[in-house]
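Now for the letters of each chain:
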Amino acid sequence: MAGRVDFDDESLWPLLLVGYVGTPSAEQQEEYQARLSACLRRGEKYVSIIDTRSFVGIPMAQRQRMAEFLKEQEDLFRQVSLGTCLLITSPMVRLIVSVVFHLKPMPSPYYVAASMPAALDWVIGRLEAAGLTEDAARIRQQSERLLLGRVG
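Throughout this description, residue numbers start from 1 for each chain and increase along the sequence as written. Since the coordinates come from a predicted model, pLDDT governs what is reported: local features require at least 70, and pairs of side-chain atoms require 80 or more to be given and counted, while whole-chain, interface and lining totals use all residues. Note that the side-chain values use all heavy atoms of the structure and ignore hydrogens as well as water.

1. Re the pattern of salt bridges
Side chains carrying opposite charge are able to pair once their charged atoms draw close together.
Stage number 1. For salt bridges, the criterion is a side-chain nitrogen of Lys or Arg within 4 Å of an Asp or Glu carboxyl oxygen. Overall, the coordinates contain ten salt bridges when judged by the stated rule.
Stage number 2. The shortest N-O distance in the salt bridge between arginine 42 and glutamate 10 comes to 2.2 Å. Here arginine 42 is found in the loop between helix 1 (26-41) and strand 3 (46-55), whereas its partner glutamate 10 is found in the loop between strand 1 (4-7) and strand 2 (15-22), with 32 residues between them in sequence.
Stage number 3. The partly exposed category is assigned to arginine 42, whose relative accessible area is 37%.
Stage number 4. Where glutamate 44 meets arginine 42, a salt bridge forms, and the shortest distance between an N and an O atom there is 3.9 Å.
Stage number 5. Each residue is assigned to one of three classes by its accessible area relative to the maximum for its type, calculated with a 1.4 Å probe on protein chains only: buried under 20%, partly exposed between the two thresholds, exposed over 50%. Overall, the relative accessible area of 37% leaves glutamate 44 in the partly exposed class.
Stage number 6. If you follow the salt bridges from partner to partner, you end up with Glu30, Arg65, Glu68 and Glu72 in one network. Numbering of helices and strands runs from the N terminus; a helix is a DSSP stretch of H or I covering at least four residues, while a strand is a stretch of E covering at least two.

See below:
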């Protein structure tokens, strides 16, 4: 299945929404990593939800590249990422994620959620804990839109 990686329009920043669909190509994976690098280099605290509900998987070489990317960007992740929520409903995707994190553990907090409401609760909690209460309230107000839609 052809794939892609979708980014939201960042209107909810400091919440970054990313959607994986199908099996993204190596080029699409590299573009995702380049966009994520740009977000990290902003130097602004943020949280993310990576929606894998339509994700099929990626080859081992791409998993290894993702582990390398996490290692390369480790310091920036520690500085600016308040956390990453992985929205996963597939046991196979859970296995893929565990392989990547076995190769290179996440350098910032992460949570695996089985539903968008659980994902939103976690990221809003992370924002509130970091003192970004206005951002958390704005995202909470937009949560109905997020619950109805799907990234990707």
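2. Notes on the pairing of strand 2
Stage number 1. With eight of eight residues buried, strand 2 is to be regarded as a mostly interior element.
Stage number 2. Direction of pairing for strand 1 relative to strand 2: antiparallel, over a ladder of four bridges. Across the sheet, arginine 4 pairs through a bridge with valine 21, a residue of strand 2.
Stage number 3. Where strand 2 and strand 3 come together, seven bridges link them in parallel fashion. Bridging from a neighbouring strand, valine 18 pairs with isoleucine 50 of strand 3.
Stage number 4. By convention, orient the strands away from the viewer: a clockwise path from the first strand over the helix to the second makes the crossover right-handed. Crossover strand 2 to strand 3 through helix 1 is right-handed. In this description, strands pair whenever DSSP reports at least two bridges between them.

3. So, unusual backbone geometry
For residues besides glycine, phi is generally negative; the peptide bonds are generally trans as well.
Stage number 1. Cis geometry is adopted by the peptide bond preceding proline 14, which originates at tryptophan 13 and carries an omega value of 25°.
Stage number 2. Tracing the backbone through its elements, the reader meets proline 14 in the loop between strand 1 and strand 2.
Stage number 3. Of note in the backbone geometry, glutamate 10 takes a positive phi value of approximately 65° without being a glycine.

4. Some details on the environment of tyrosine 20
Stage number 1. Relative to the helices and strands, tyrosine 20 resides in strand 2.
Stage number 2. Assessed through its relative accessible area of 7%, tyrosine 20 is described here as buried.
Stage number 3. Separated by 15 residues in sequence, tyrosine 20 and valine 5 have C-alpha atoms that sit 4.7 Å apart.
Stage number 4. Working rule for contacts: check all heavy atoms of both residues, and any pair within 4.5 Å makes them a contact. Setting aside residues up to four positions removed in sequence, tyrosine 20 forms contacts with Arg4, Val5, Gln29, Tyr32, Ile50, Asp51, Thr52, Ser54, Phe55 and Met66.

5. Digging into the packing of aromatic side chains
Aromatic rings in a pair are described by how distant their centres are and how their planes are angled relative to each other.
Stage number 1. Think of it this way: a Phe, Tyr or Trp ring, Trp meaning its six-membered ring, pairs with another when their centres are within 6.5 Å, and the plane angle makes it stacked under 30 degrees, edge-to-face over 60, tilted otherwise. Here the structure, examined in full by the defined rule, presents six aromatic pairs.
Stage number 2. Ring geometry for tyrosine 20 and tyrosine 32: centres 5.5 Å apart, planes at 70°, overall edge-to-face. Separated by twelve residues along the polypeptide, tyrosine 20 in strand 2 and tyrosine 32 in helix 1 bring together distant segments of the chain. This pair shows no difference in class: tyrosine 20 is buried, exactly as tyrosine 32 is.
Stage number 3. Seen in terms of ring centroids, tyrosine 111 and tryptophan 122 are 5.6 Å apart; in terms of plane orientation they differ by 15°. Their pairing is stacked. Here tyrosine 111 is found in strand 5 (residues 110-113), whereas its partner tryptophan 122 is found in helix 5 (residues 116-129), with eleven residues between them in sequence.
Stage number 4. Judged by its relative accessible area of 31%, tyrosine 111 is partly exposed.
Stage number 5. Counting as a charge over the ring demands two things of the Lys NZ or Arg CZ atom: a distance within 6 Å of the ring centre and an angle within 35 degrees of the ring normal. Across the ring face of phenylalanine 7, the terminal group of arginine 35 is positioned such that the distance to the ring centre comes to 4.1 Å.

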